[in-house]
Amino acid sequence: MEDKNIKIVTKGGRFITLKKLYEEHQKSHKEQANLPFEEKIKILIDLQKIAYSWGRKKDVIIWGE
Amino acid sequence: MKNTIKIINKLKKEGLIKDYAIGGAIGVIRWTEPFFTRDLDLFIILIQEPKDKEIIFLYPIYDYLEKIGYNKWTGQWIIVAGVPVEFIPAEGLSKEAVENAQETEYDGVKTKVITPEYLISLLLKAGRDKDKIKIKMLLEQAKIDMDKLKVILNKYNLNKKFQLFIND
């Protein structure tokens with residue numbers, strides 16, 4: 001069986017092929033690309049907070065704070 | 001970032017810069033999914049073309065920012081309203097990128113962002129690994145005017161680099 005046809009079970013017992021999973025990932029990247037600029041910057045600030053605390057990057061400046 | 005943009009717009013209004021556009025990672029994020037970055041890169045066109053092409057003075061900008069209370073630095077970045085900012089004097093390709101940047105609004109404040117075609121060209125010119133990742137994201141996630149991109153790549157002799165990137 002080709003790797004991409006491997007089925008996996010996701011949330012709610014849904015069966016999905018690996019190929020479909022990759023496609024959905026790709027789709028979600030594109031959806032995020034279409035978010036308003038302001039929303040993207042909010043996400044960036046969350047990423048900076050994660051890098052600062054969880055990633056222990058203490059030299060990261062969390063924007064606007 | 002809204003207050004930072006407001007202050008940068010003031011620089012333009014006060015005649016300290018002729019024009020500017022957001023580039024770098026934040027410029028890319030305008031067109032792609034968000035990703036981590038530390039700073040805001042601003043490509044600026046100076047009021048006067050520097051007489052000596054080898055020396056560009058940015059201190060009038062920093063003097064002004066200091067006067068209005070922004071004198072904190074971290075590395076090469078000046079902190080403007082809580083955001084580390086780098087001013088990059090635009091010339092050649094980057095100057096054309098600023099001139100052709102998209103006018104937009106950020107939270108009701110007018111600003112300009114470099115278009116994906118110019119961002120790809122600038123990133124291609126820089127050519128670091130992290131730039132290549134951004135080019136890939138732009139090609140996959142942004143709407144690219146391929147005709148426009150080809151014209152820019154031709155003009156700045158970046159065709160070969162682009163082909164190498166595509167074939168990589």
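Residues numbered from 1 in each chain as written. Chains lettered and ligands numbered in written order. Predicted model: local features only at pLDDT ≥ 70, side-chain atom pairs only at ≥ 80, totals over all residues. Heavy atoms only, no water.

1. Structural notes on the overall build of chain A
(1) Moving on: Broken down by element type, chain A carries 2 helices and 2 strands.
(2) Moving on: In sequence order, chain A lays out its α and β elements as β-β-α-α.
(3) Moving on: Based on the C-alpha atoms only, the size of chain A along its principal axes is roughly 50 × 30 × 25 Å.
(4) Moving on: Counting over 65 residues, chain A shows a buried share of 20%. (Helix = DSSP H or I, 4+ residues; strand = E, 2+ residues; numbered from the N terminus. Buried < 20%, exposed > 50% of the residue type's maximum accessible area, 1.4 Å probe, protein only.)

2. Regarding the domain arrangement of chain A
(1) Moving on: Segmenting chain A into domains produces domain 1 (1-34) and domain 2 (37-65).
(2) Moving on: For domain 1 of chain A versus domain 2 of chain A, the distance between C-alpha centres works out to 28 Å. (Domains from an automatic or database assignment.)

3. With respect to the packing of helix H5 (residues 116-126) of chain B against helix H8 (residues 159-167) of chain B
Residue and element names in this part refer to chain B.
(1) Moving on: Remark: H5 packs on H8, axes separated minimally by 10 Å, with the N-to-C direction vectors making an angle of 85°. One way to sum up the angle between H5 and H8 is to call them roughly perpendicular. Along its contact with H5, which presents Ile120, Leu124 and Lys125, the element H8 presents Lys161, Phe162 and Phe165.
(2) Moving on: Partitioned by chemical class, the residues of the contact of H5 with H8 number 4 nonpolar, no polar and 2 charged. (Axes fitted to C-alpha atoms, helices over the stretch in contact; angles between N-to-C directions. Parallel < 35°, antiparallel > 145°, perpendicular 65-115°, else oblique. Contact = heavy atoms within 4.5 Å. Nonpolar A, V, L, I, M, F, W, Y, C, P; charged D, E, K, R; others polar.)

4. Re the nonpolar core
(1) Moving on: The biggest cluster of nonpolar side chains holds 63 residues, and the ones touching the most others in it are Ile41 and Trp63 of chain A together with Met1, Leu11, Ile26, Leu40 and Phe87 of chain B.
(2) Moving on: With residues near it in sequence (within four places) discarded, Ile26 of chain B still touches Phe37, Ile41, Leu44 and Trp63 of chain A together with Met1, Thr37, Asp39 and Leu40 of chain B. (Core = buried A, V, L, I, M, F, W, Y, C linked by side-chain atoms within 4.5 Å.)

5. Some words on helix H6 (residues 129-141) of chain B
(1) Moving on: With 13 residues, H6 of chain B extends 19 Å from end C-alpha to end C-alpha; this agrees with the ideal 18 Å at 1.5 Å per step.
(2) Moving on: When H6 of chain B is considered as a whole, its buried residues turn out to be Asp131, Lys134, Ile135, Met137, Leu138 and Gln141 of chain B. Looking straight down H6 of chain B, one finds its buried side chains confined to an arc of 160°; they lie on one side. What points out from H6 of chain B, more than 90 degrees from its buried face, is the exposed set Asp129 and Ile133 of chain B.
(3) Moving on: Those residues of H6 of chain B hidden inside the fold are in contact with helix H1 (18-33) of chain A together with helix H2 (24-29), H5 and H8 of chain B. (Expected span 1.5 Å × (residues − 1). Arc of directions from axis to C-beta.)

6. Let's talk about the side chain of Glu96 of chain B
All names here are of chain B.
(1) Moving on: Mapped onto the fold, Glu96 is located in helix H4 (residues 93-99).
(2) Moving on: Judged by its relative accessible area of 13%, Glu96 falls in the buried class.
(3) Moving on: Within the structure, the side chain of Glu96 is placed 2.6 Å from the side chain of Lys155, a separation counted as a polar contact.
(4) Moving on: Residues contacting Glu96, with those up to four places away along its chain left out, are Tyr118, Lys155 and Tyr156. (Polar contact = N/O pair within 3.5 Å; in protein donor to acceptor, adjacent residues only side chain to side chain.)

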